[in-house]
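# Chain and residue survey
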Amino acid sequence: MPAAQQTASRTNTTNDVVLSIQCAHRSFKTPEGGQVHALRGVDLDIFENEFVTLLGPSGCGKTTLLRCISGFERLDSGDIAIGGESMARRPAHKRPVNTVFQSYALFPHMTVLQNIGYGLEAAGVGRRERIARSEEALEMVGLGDMGQRRPEQLSGGQQQRVALARAIVNRPRLLLLDEPLSALDRNLRQQMQIELKRLQHELGIAFVFVTHDQEEALTMSDRIAIFNGGRIEQLASPREIYDHPASEFVARFIGESNLFSGKIADATLISSTGNPLPLCSKQLDLRNFDNGRQVTAVIRPEHLHLCAPEAPQAQLNARITEVIFLGTEYQLICTLNDQSLIKVRVTDVNTPLSVGQNIGLSYAPEQLHLIAGSTPLRGAA
Amino acid sequence: MIKSNLPRPRWLQPLMLLSPTTLFLLVFFCGPLAIMVTYSLLEPGIYGGVEWTFYDQNYGRIFGWADGLYEEFDPIYLETFAKSVRLALITVATTLLICYPAAFWISRLPSRTRSICMFLITLPFFVSMIVRLYAWLLILRPTGVINQLLMSLGLISEPLEMMYTEGAVIVGMTYIFLPFMFLPIYASIEKLPGSLIEASQDLGASPVRTFFRVILPLTLPGVISGAIIVFIPSLGNFIVPGLLGGAKVMMVGNLIEQQFLYARNWPFGAALSFMIMAAMLFLLLIYVRVQSRSIGASRGEGV
Ligand SMILES: Nc1ncnc2c1ncn2[C@@H]1O[C@H](COP(=O)(O)OP(=O)(O)OP(=O)(O)O)[C@@H](O)[C@H]1O
Ligand SMILES: [Mg+2]
């Protein structure tokens, strides 16, 4: 399996690279005497003005990577360069990055304005300009009249905005955000997502954003880096990741998916489901997949269509096991011949559907995305 | 809960304010204080004890309005008081300088090592203070460890005079009061979230700026508590100067001890004691004021 398939859809010259991480390794000793490999060979280039999301299961090394970038953690090997300059020997306080901490980390003994002006003060900006710029930043996050309050007099969402203002007021090359929205309720989260995007456009700062929430990642990012076990599994635009997952892990992690593994034979996939599944010959040619090759095919639930069980276009036969009403559509869980389950989306809510009913399923072969190899899914970590 | 509808007699109401805390303070704090103030305004009896007549000469001996006939003004009392304040302040400073970095360092250790360190810090409490001070005597005296070492190295030809100096008293008091300074400082450093220190660095503040703008202000309550609970017992201490200062370095505590135990002049001893008490009460009042104001500010009342 390719460790990191860099399918950068952007055509940037190297001058535009803000952050360049090469072969970053970092492991920790555990109290039990073992070792945890938090990062094992991460390569990542982030361009000017880009919104990149790090997405992955818990414990896969996202926070560790951010801490290495900001300088709170060192690398065992590899290099991190910001604006073309290696950061290996630079302490955290001399790096042109700012962080929005998950816990906000606002200084409790300072007012909101003093908090925001802290970075400017450290940079030696005069009092007048400092106050003016802090107020401007506060205005930007929509808290113009709260400058004199103390952090604990603000709601969680307001504190979050102050943390954001405190970071952007310094105009860093790169802004790191470690799950900044995870403490907010759903409505506030969505509102903040929109605002973060707006701010990023206005400021033209590159954002590196960590989240657990795939929906958040899909809606906000220019590119998403899918992390797994200290490696980047895939780095690509949300569309690319959804349509062409590079590995089984990515296919399962992003969106709902159905996976079949088997061997290729005459432009079909022979798998345990019984029926040979037709494949798109164009895709086979493009990827150089020959007969006999082990592959995993991914198909999204919305790309499967219902038909009568005996209909000529039916490529799979199944029995409905469960019908879930989702408001504008149904999700069906069906059992295939080999007892495996498959998910289907039905947008026509008027189709009569009942549990136990036999159905046929069809799809357009180009919707079936192929992944080389069929290694079973690695442990969820 | 059953509520009685009967009105309680009026005279009972003030008595209900007597919570256990109030009672405790009345019996063990206000009581002795009142006795002391009363005694300090009475005439000393000829063979010890007191005569129950009002007498302002006790304070006169200290502050200067003594009649010069039966009682004489002597500046030595005020001087000793000033010296005691100075030594207590130096003790506060030395314990602070040792404890702050130590507490910071220990708070960042792995949890196992940390609990061992905490145990070592509290260990001296299990041994009598007198025994521990005698150990210093063995270290500091002319034939003590330090002098013998320095002489055998050939650095000095005759023993240094270390016993019975202010230095010895400061060393002893610093040693005795270290844990009192350490614990409150440690508690406040422990509470300080590491993310605030990282945030400060992240915003470009150097370690020095981070210390003065973030770490120190947020641990100041611990420093102030530590300073007060070291200053108060240092000011009135008589055991350390008694053992390590001898007759050369006297503190107010020693004067009071002499008046009560040897001169048997209780009223004068009480007057000297009240001088210390007044200084401490004054300090505590300031402390409470500052505390309540900072609590008010953090609740948003002061903004
Ligand atoms: N200081 C440390 N000492 C020991 N192990 C550590 C340390 N920091 C991180 N780890 C380990 O490194 C791995 C990666 O941790 P990291 O915090 O980067 O995960 P994460 O992707 O941010 O997870 P989450 O989404 O839950 O925040 C974990 O297995 C964690 O236990
Ligand atoms: Mg994390």
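What you see is a predicted model, and the numbers here were worked out from it, not measured in a lab. (Residues numbered from 1 in each chain as written. Chains lettered and ligands numbered in written order. Predicted model: local features only at pLDDT ≥ 70, side-chain atom pairs only at ≥ 80, totals over all residues. Heavy atoms only, no water.)

## Comments concerning the overall build of chain B
Along chain B, the regular secondary structure elements total 12 helices and 2 strands. Secondary structure elements of chain B occur, N-terminal to C-terminal, as α-β-β-α-α-α-α-α-α-α-α-α-α-α. Here the C-alpha atoms of chain B give a radius of gyration of 25 Å, more than 25% beyond the 19 Å that 2.2 N^0.38 yields for 303 residues. Each principal axis of the C-alpha distribution contributes one length, and for chain B these read about 80 × 70 × 35 Å. Buried positions account for 36% of the 303 residues belonging to chain B. Considering only intrachain contacts with a sequence separation of at least 6, the fraction spanning at least 24 residues in chain B is 63%. Roughly 17700 Å² of accessible area belongs to chain B as shown, and the carbon and sulfur atoms make up 70% of that amount. Mean positive and mean negative side-chain charge positions of chain B (19 and 16 charges, respectively) differ by 17 Å. (Helix = DSSP H or I, 4+ residues; strand = E, 2+ residues; numbered from the N terminus. Rg over C-alpha atoms; globule rule 2.2 N^0.38 Å. Buried < 20%, exposed > 50% of the residue type's maximum accessible area, 1.4 Å probe, protein only. Contact = heavy atoms within 4.5 Å. Areas by Shrake-Rupley, 256 points an atom, 1.4 Å probe, with all protein chains shown as cover. Lys, Arg positive; Asp, Glu negative; His and termini not counted. Charge placed at Lys NZ, Arg CZ, Asp CG, Glu CD.)

## With respect to the site of ligand 1
All names here are of chain A. In the vicinity of ligand 1, the residues found are Phe28, Val36, Ala38, Ser58, Gly59, Cys60, Gly61, Lys62, Thr63, Thr64, Glu179 and His212. The separation between an oxygen atom of ligand 1 and a polar side-chain atom of glutamate 179 is 3.4 Å. A distance of 2.8 Å separates an oxygen atom of ligand 1 from a polar side-chain atom of histidine 212. In isolation ligand 1 exposes 640 Å². Once the protein is present, 64% of that is buried. Where the shell around ligand 1 is concerned, the elements lending two or more residues are strand 3 (35-47) and helix 1 (62-70). Residue composition of the shell around ligand 1, grouped by class: 4 nonpolar, 6 polar and 2 charged. (Near = heavy atom within 4 Å. Polar contact = N/O pair within 3.5 Å; in protein donor to acceptor, adjacent residues only side chain to side chain. Nonpolar A, V, L, I, M, F, W, Y, C, P; charged D, E, K, R; others polar.)

## A word on the interface of chain B and chain A
Tallying the contact residues gives 23 residues for chain B and 26 residues for chain A. Of the roughly 2100 Å² buried between chain B and chain A on both sides combined, carbon and sulfur atoms contribute 56%. Counting the surface chain B buries against chain A, the share from its top three residues, B:Asp202, B:Leu203 and B:Arg213, is 33%. Remark: the boundary between chain B and chain A carries 3 salt bridges. If you look at where chain B meets chain A, you find 7 residue pairs in polar contact (both at pLDDT 80 or more). Elements with a minimum of two residues in the side of chain B that touches chain A: helix 8 (194-202), helix 9 (207-236) and helix 12 (266-299) of chain B. Residues of the side of chain B that touches chain A, tallied by class, amount to 10 nonpolar, 8 polar and 5 charged. (Buried area = accessible area lost by both parts, 1.4 Å probe. Salt bridge = Lys/Arg side-chain N within 4 Å of Asp/Glu carboxyl O.)

## Concerning the domain arrangement of chain A
What the domain assignment reports for chain A is domain 1 (17-243) and domain 2 (256-372). Inter-centroid distance (C-alpha atoms) of domain 1 of chain A to domain 2 of chain A is 40 Å. (Domains from an automatic or database assignment.)

## Some points on the pattern of salt bridges
Residue and element names in this part refer to chain A. Counting across every chain of the model gives 23 salt bridges over all chains. Across the pair arginine 173 and glutamate 48 runs a salt bridge whose closest N-O atoms are separated by 3.9 Å. With arginine 173 in the loop between helix 4 (156-168) and strand 8 (174-178) and glutamate 48 in the loop between strand 3 and strand 4 (51-55), this pair connects stretches of sequence that are 125 residues apart. The closest approach of N and O atoms between arginine 252 and glutamate 248, which form a salt bridge, is 3.9 Å. Residue arginine 252 and its partner glutamate 248 are located together in helix 8 (residues 248-253), separated by 4 residues, close to a single helical turn.

## Section: the packing of aromatic side chains
Two aromatic rings, taken as a pair, are described by how far apart their centres are and by the angle between their planes. Under the defined criterion, the tally for this structure stands at 17 aromatic pairs over all chains. When the centroid spacing of 5.3 Å and the interplanar angle of 50° are considered together, the rings of A:Phe325 and A:Tyr330 count as tilted. Members of the aromatic cluster, each reached through a chain of ring pairs, are B:Tyr39, B:Trp52, B:Phe260 and B:Trp266. Over the aromatic face of B:Phe268 sits the side chain of B:Arg61, whose NZ or CZ is 3.8 Å from the ring centroid. (Phe/Tyr/Trp six-rings, centres within 6.5 Å; stacked < 30°, edge-to-face > 60°. Lys NZ or Arg CZ within 6 Å of the ring centre and 35° of its normal.)

## Section: the pairing of strand 13 (residues 268-271) of chain A
Residues and elements named next belong to chain A. The sheet contact formed by strand 12 (residues 258-265) and strand 13 spans 4 bridges and is antiparallel. Paired with alanine 265 across the strands is threonine 268, a residue of strand 13. If you look at the hairpin formed by strand 12 and strand 13, you'll find 2 residues sitting between the two strands, and aspartate 266 has a positive phi there, around 50°. Where strand 13 hands over to strand 14 (residues 277-278), the hairpin turn is made up of 5 residues, of which glycine 274 adopts a positive phi near 100°. (Pairing = 2+ DSSP bridges.)

## Section: helix 1 of chain A
The buried fraction of helix 1 of chain A is high, at 7 of 9 residues. Those residues of helix 1 of chain A not exposed but buried are A:Lys62, A:Thr64, A:Leu65, A:Leu66, A:Cys68, A:Ile69 and A:Ser70.

## Thoughts on the sheet that holds strand 2 (residues 17-29) of chain A
Strand order in the open sheet formed by 4 strands is 3-2-5-6 (chain A), and the pairing between neighbours is antiparallel. Each of the sheet's edge strands pairs with one partner strand only, and the pair in question is strand 3 and strand 6 (85-86) of chain A.

## Some points on the sheet that holds strand 13 of chain A
The pairing of strands in a sheet comes from backbone hydrogen bonds and takes either a parallel or an antiparallel form. All names here are of chain A. Read from one edge of the open sheet, 5 strands run 14-13-12-15-21, paired in antiparallel fashion. The open sheet has two edge strands, strand 14 and strand 21 (369-372), and neither has a second partner. Two strands pair when backbone bridges link them, and strand 13 and strand 14 are joined in this way by 2 bridges, in the antiparallel orientation. Among the inter-strand pairings, leucine 269 is bridged to a residue of strand 14, identified as leucine 277.

## Brief notes about helix 3 (residues 127-140) of chain A
Residues and elements named next belong to chain A. Between its first and last C-alpha, helix 3 extends 20 Å over 14 residues, near the 20 Å set by a 1.5 Å rise per residue. Every buried residue belonging to helix 3 is among Arg130, Ser134, Ala137 and Leu138, and all of these are buried. Buried residues in helix 3, looked at end-on, bunch into an arc of 100°, giving them a common side. Exposed residues on helix 3 whose side chains face more than 90 degrees from its buried face are Arg128 and Glu139. Its buried side turned inward, helix 3 meets helix 2 (112-122) and helix 4. Glycine 142 sits one or two residues past helix 3 and shows a positive phi near 80°. (Expected span 1.5 Å × (residues − 1). Arc of directions from axis to C-beta.)

## With respect to the confidence of the model for chain A
All names here are of chain A. Here chain A averages 88 in pLDDT, and 94% of its residues register 70 or above. Ranking the elements of chain A by mean pLDDT puts strand 1 (residues 5-6) last, at 42, and helix 2 first, at 96. Below pLDDT 50 for its whole length, residues 1-14 participates in 31 contacts with residues either more than four positions away or in separate chains. Of the regions scoring below 50 in pLDDT, residues 375-381 engages in 14 contacts with residues more than four places distant in sequence or in other chains. (pLDDT = per-residue confidence, 0-100.)

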